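Here are the chains, one letter per residue:
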Amino acid sequence: MSKAAGEPSTDTLSRVIDLLVEHKIRLDAWEHVLKETNPLVHEHYLGTIENLRAQKTAELKTVLTARLKSKDGDG
């Protein structure tokens, strides 16, 4: 990747990935603690995560559909 082209360096991407992995590990640990200490709140947490994933999927489909339609109109 070229820094001159405005793209981040491989080192920067590697650090971002490391941070994402670290946060995923921490979230998994906290989820385990929550499951053990308060199963009802854990179930609510899981439901919230499912809802957020569904919402994100719907938003992504909307954006991708709009982009495909705009490309079809341009071509």
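Our subject is the structure that appears above.
Residues numbered from 1 in each chain as written. Predicted model: local features only at pLDDT ≥ 70, side-chain atom pairs only at ≥ 80, totals over all residues. Heavy atoms only, no water.

1. Let's talk about the overall build of the protein chain
Point 1. Assigned secondary structure in the protein chain consists of two helices and zero strands.
Point 2. With respect to the three principal axes, the spread of C-alpha positions in the protein chain is 55 × 35 × 10 Å.
Point 3. Of all 75 residues assigned to the protein chain, the portion counted as buried reaches 3%.
Point 4. Summed over its atoms, the accessible surface of the protein chain is roughly 6800 Å², and 62% of this surface lies on carbon and sulfur atoms.
Point 5. Of the side-chain charges in the protein chain, 11 are positive and 12 negative, and the distance between the mean point of each set is 4 Å. (Helix = DSSP H or I, 4+ residues; strand = E, 2+ residues; numbered from the N terminus. Buried < 20%, exposed > 50% of the residue type's maximum accessible area, 1.4 Å probe, protein only. Areas by Shrake-Rupley, 256 points an atom, 1.4 Å probe, with all protein chains shown as cover. Lys, Arg positive; Asp, Glu negative; His and termini not counted. Charge placed at Lys NZ, Arg CZ, Asp CG, Glu CD.)

2. Quick look at the environment of Arg-15
Point 1. Within the secondary structure, Arg-15 is located in helix α1 (residues 10–37).
Point 2. With 25 residues separating them along the chain, Arg-15 and Leu-40 place their C-alpha atoms 36 Å apart.

3. Points about the environment of Thr-57
Point 1. Counting through the fold element by element, Thr-57 comes out in helix α2 (residues 39–74).
Point 2. Measuring from C-alpha to C-alpha, the distance between Thr-57 and Thr-37 comes to 31 Å, with 20 residues separating the pair along the chain.

4. Focus: the pattern of salt bridges
Point 1. Following the criterion strictly, the structure yields three salt bridges and no others.
Point 2. Between Asp-11 and Arg-15 there is a salt bridge, and its shortest N-O distance comes to 3.3 Å. Residue Asp-11 and its partner Arg-15 are both found in helix α1; the two are separated by four residues, about one turn of the helix.
Point 3. Among the ionic pairs, Glu-22 bridges to Arg-26, the shortest N-O distance being 2.8 Å. Of this pair, Glu-22 and Arg-26 are both found in helix α1, four residues apart, which corresponds to roughly one turn of the helix.
Point 4. Residue Arg-26 is classed as partly exposed on the basis of its relative accessible area, which comes to 48%. (Salt bridge = Lys/Arg side-chain N within 4 Å of Asp/Glu carboxyl O.)

5. Describing the side chain of Ser-9
Point 1. Along the polypeptide, Ser-9 turns up in the segment before α1.
Point 2. On the basis of relative accessible area, Ser-9 is assigned to the buried category, the value being 17%.

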